[in-house]
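So you can see what is in the structure, the chains are spelled out below.
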Amino acid sequence: TEVFVDNREGDVSNLLCKACPSGSFSTYIRDDKGLTHVCKPCAVGHAQTSGASTACGPCALGEHQEELGASFCRRCTFGTYQNVTGQSQCTQCPGERTTMGLGSQSLAECVCKTGSMDVDGQCLPCGKGLSCPIGSTIAGLTLLPSANVSNLDVERPFIKPGFNSLPEAPLTIYQCRDHCPGGAPGTCSFGRIGAVCGECPAGTFASSLGPCWRCREHTAALWLTVGGVVLLPGMFLAYHLLTKPYTAKNEVSGVVGCLPGLFVETVQNLLVISAAPTTWPPVMIGMATYASVVTLNLEALGLACIGSMGNIGVVARYFCQTLVFPSMVGILLLTFGFTRLLPRVTRGFCSCAPRAMVCYDRLARIFHIPPVPPTAYSWTWCGTVCVIGKFCQVTFPTMANVGLSPMMCYKHPGGQQHSLTKYSNTFCGSGDHVAMLIVGSVLLSFTTGFLALCIWVACKAPQFSWQGQAAVKFLFADFRPDIAWFGIVALFRGLFLSLPSVAVPNRPNVQLVLLHTVMLLSLVLQGYCQPWKSPAVNLVDATSHFLFLSLLGLGLVGLESESDWILDILATSVCIGLLVVFGVVISVFALVMIMEKLGRAIGKKWANLGDVPESRVLLRLLQNLASSIESSDDLHSVEAAMDELGTYDVRMILLCLTILEMETGLSATSSARHKRAISQTSRLSQLSSQLSESSRIGAGRALASSAVSKRRASQYTVMQRASPQDLLAEHGLPGDLAAQAPEVQLVDLDNKGQNDADVLPDPTNLVSVSG
């Protein structure tokens with residue numbers, strides 16, 4: 001038959017014996033008809049694959065079978081093993097362990113799961129910075145070659161890039177700021193050493209490019225000598241530029257003078273934000289690296305080589321870094337004293353100074369350069385204070401960042417230790433950190449004191465004498481006289497850009513949002529005020545703000561992805577755009593200034609982004625307008641038309657009329673009104689003409705002028721004129737007449753044939769006129 005039968009009752013002539021199928025075996029059986037064979041299913045834990053067998057084999061090690069009559073044994077699944085043959089079930093691995101494959105045959109094949117590591121027989125979670133594939137052990141981590149093998153193809157644990165650990169404590173992970181390629185514990189790039197690869201070995205120093213360079217003889221002395229050679233002419237050039245007369249008028253030389261300062265400030269801000277822990281483009285990192293010298297980064301100049309065999313400590317290095325700023329102030333004061341004593345010392349002994357001045361005068365006549373008077377090399381106290389203030393103003397972002405550096409502590413994985421952001425090998429709370437906090441607090445006190453002094457100067461400068469305005473001219477020299485306070489905005493911006501790293505050092509997303517907010521507020525103020533005297537500088541400043549904000553936005557996106565070629569291209573374009581904007585603009589205006597010195601009067605058009613009407617043309621237009629008003633018979637229609645003007649138009653007209661009246665002397669009573677405005681603003685300096693220090697010390701070196709004082713008085717007058725109630729109250733009118741102010745008619749009290757807009761009528765006459 002086609003099937004096996006259970007008995008041989010009946011007719012068995014047609015029965016034939018066949019082989020037993022898979023999963024069963026043949027065994028003897030004797031019944032009443034004699035000896036025969038029968039197929040029985042394999043027991044659990046056994047299997048028979050081929051059939052035609054007299055026995056089922058037990059499942060091998062690593063296999064099991066829980067069913068009867070199985071033709072094969074199943075391998076133990078992941079997380080189980082079987083070390084005994086012929087079993088129906090596999091044994092589960094203990095705890096959080098699993099197996100690396102199927103058919104595990106012993107307990108030893110139970111290893112830690114992915115994301116954990118075997119530590120003394122226990123599977124512990126791998127922290128941040130460790131990559132732990134299945135079966136990770138400490139031995140596998142420490143046996144890695146000293147190279148970056150951190151890729152998914154290597155089935156051994158490794159330290160991720162950006163992290164490091166020490167070979168003696170491989171599970172204590174530290175987060176690096178730089179130079180940590182990952183791989184085996186203790187692996188650093190560029191020859192760095194330490195838990196976070198933040199130090200160079202003895203006898204070397206950290207270069208601005210990253211590698212540790214070997215200290216050579218007199219390395220630091222060489223850099224200091226080069227710095228001194230550059231510093232000496234730079235100080236005298238800065239003094240010469242800063243002691244020019246302040247004028248509200250825009251000049252090409254002023255544009256060329258303020259653009260490098262704006263560029264240095266932008267570079268400093270770029271260095272500050274580059275410390276934010278996100279994915280920045282290589283071009284930006286390169287820019288920050290090469291520009292570190294601009295921020296007086298002495299470490300990149302071989303500061304560590306000053307000590308014996310280049311082994312100066314981190315506290316000493318930080319102290320030297322903070323000492324740069326007061327040292328520069330001291331150098332400027334010594335220069336002031338030296339220049340004051342030099343004429344007395346060299347009098348009668350050396351004639352080289354007069355000869356040098358004669359040579360310079362000849363060159364000045366050839367190249368149309370203003371001649372320098374004989375007393376120009378002798379610094380004044382006001383000029384020295386101005387140069388000191390300008391140095392502190394330009395370096396303020398770096399000064400604030402260096403002072404706050406000991407307060408920037410970021411957390412390592414596990415949260416047990418913290419390191420300084422800029423000195424990552426220094427752990428927060430250590431003795432070195434406490435010493436750095438003390439030094440940084442002193443510098444920070446100096447920084448905040450300078451900021452408070454500048455705020456006071458911005459409020460009180462119009463009240464200063466001409467000497468006082470000359471000393472604080474650094475704060476408003478590049479700005480319009482009515483926005484002379486805008487230098488304070490730049491100082492606050494430099495301070496606030498460093499504060500996010502102090503407040504939220506472990507939240508890079510919050511840091512970038514705060515940085516973005518600071519720059520956005522700065523851009524809003526810049527766009528609203530247009531503070532620079534030159535429209536070209538306003539455009540450059542707004543463009544740099546826009547590129548800066550774009551870079552911060554790309555930094556926010558970089559937090560979500562390690563590397564994206566599209567983001568890299570965009571960020572690289574923004575960085576190159578910053579360089580191109582400043583490089584092209586500075587080069588163009590330098591060329592324009594040279595051409596202007598050679599007689600080509602094109603500087604005004606470039607500096608103002610267009611033609612500026614001449615004064616005689618404006619005066620002629622004013623004369624025609626005055627004649628038109630005097631000859632007009634229908635002033636009511638003019639008044640109705642002016643009522644339709646917008647708010648900004650009306651305010652602009654009032655400001656222009658007030659400036660023309662008070663600062664150009666167009667009105668006979670402008671002097672009296674000017675005195676009254678000055679008195680109301682707490683004795684603002686009465687400087688009716690452009691005063692300068694040159695009238696006091698000679699040689700045409702103007703250090704101050706009355707433009708700021710006069711414009712402050714004009715602004716006060718505008719505020720008084722813009723409010724009829726205040727204007728009436730100022731002249732003693734009753735408060736209930738304030739509502740009638742629009743009906744007040746100005747009468748001709750000075751008998752000059754016209755209504756006088758500068759002298760209000762007597763209150764009695766005013767009431768009678770208005771009914």
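Residues numbered from 1 in each chain as written. Predicted model: local features only at pLDDT ≥ 70, side-chain atom pairs only at ≥ 80, totals over all residues. Heavy atoms only, no water.

## A closer look at the packing of aromatic side chains
All told, the structure shown has twelve aromatic pairs when counted by the stated rule. Geometrically, the ring pair formed by tyrosine 174 and phenylalanine 427 is tilted, given 5.7 Å between the ring centres and 50° between the ring planes. Here the residue tyrosine 174 occupies a position in strand β16 (residues 169–175), and phenylalanine 427 occupies one in the loop between β20 (418–420) and α9 (431–460), the gap between them amounting to 253 residues. On the basis of relative accessible area, tyrosine 174 is assigned to the buried category, the value being 8%. Measuring from ring centre to ring centre gives 6.2 Å for phenylalanine 396 and phenylalanine 450, while their planes differ by 40°; the resulting arrangement is tilted. Of this pair, phenylalanine 396 sits in helix α8 (residues 396–404) while phenylalanine 450 sits in helix α9, placing them 54 residues apart in sequence. (Phe/Tyr/Trp six-rings, centres within 6.5 Å; stacked < 30°, edge-to-face > 60°. Helix = DSSP H or I, 4+ residues; strand = E, 2+ residues; numbered from the N terminus. Buried < 20%, exposed > 50% of the residue type's maximum accessible area, 1.4 Å probe, protein only.)

## Details of the environment of valine 518
Among the structural elements, valine 518 can be located in helix α13 (residues 508–529). C-alpha separation for the pair valine 518 and leucine 497, spaced 21 residues apart in sequence, amounts to 6.9 Å. Filtering out sequence-adjacent residues up to four positions away, valine 518 remains in contact with Arg493, Phe496 and Leu497. (Contact = heavy atoms within 4.5 Å.)

## A few points about the side chain of threonine 99
Within the secondary structure layout, threonine 99 lies in strand β9 (residues 97–99). On the basis of relative accessibility, which here comes to 0%, the residue threonine 99 falls in the buried class. At 2.9 Å, the side chain of threonine 99 and the backbone nitrogen of glycine 79 are in polar contact. At 3.0 Å, the side chain of threonine 99 and the backbone oxygen of glycine 101 are in polar contact. The contacts of threonine 99, once residues within four sequence positions are left out, are Thr77, Phe78, Gly79, Thr80, Cys93, Ser104, Glu109, Cys110 and Ile134. (Polar contact = N/O pair within 3.5 Å; in protein donor to acceptor, adjacent residues only side chain to side chain.)

## Topic: α13
Compared with the 32 Å implied by 1.5 Å per residue over 22 residues, the 32 Å span of α13 between its first and last C-alpha is a close match. Buried within α13 we find Gln511, Leu512, Leu515, Val518, Met519, Ser522, Gln526 and Cys529. The buried side chains of α13 occupy one side of the element, clustering within an arc of 140° when seen end-on. More than 90 degrees from the buried face of α13, the exposed residues found are Leu521, Val524 and Tyr528. Next to the buried residues of α13 lie α3 (252–273), α11 (487–496), α12 (499–503) and α14 (535–558). (Expected span 1.5 Å × (residues − 1). Arc of directions from axis to C-beta.)

## Concerning the confidence of the model for the chain
Per-residue pLDDT for the chain has a mean of 76; in total, 71% of the residues score no lower than 70. In this model residues 674–705 is a low-confidence stretch, pLDDT under 50, and it forms 89 contacts with partners more than four residues away in sequence or in other chains. Here residues 733–771 is modelled with pLDDT under 50, and outside its nearest four sequence neighbours on either side it reaches 49 contacts, counting other chains as well. (pLDDT = per-residue confidence, 0-100.)

## Thoughts on the pattern of salt bridges
In this structure the tally under the stated criterion is nine salt bridges. Glutamate 265 serves as the salt-bridge partner of arginine 493, at 2.4 Å between the closest nitrogen and oxygen. Linking arginine 493 in helix α11 with glutamate 265 in helix α3, this pair joins segments that are 228 residues apart in sequence. Each member of the pair, arginine 493 as well as glutamate 265, is classed as buried. Where aspartate 482 meets arginine 480, a salt bridge forms, and the shortest distance between an N and an O atom there is 2.8 Å. Owing to a relative accessible area of 25%, arginine 480 belongs among the partly exposed residues under this scheme. A single network of salt bridges, built from pairs that share partners, joins Glu66, Glu67 and Arg74. (Salt bridge = Lys/Arg side-chain N within 4 Å of Asp/Glu carboxyl O.)

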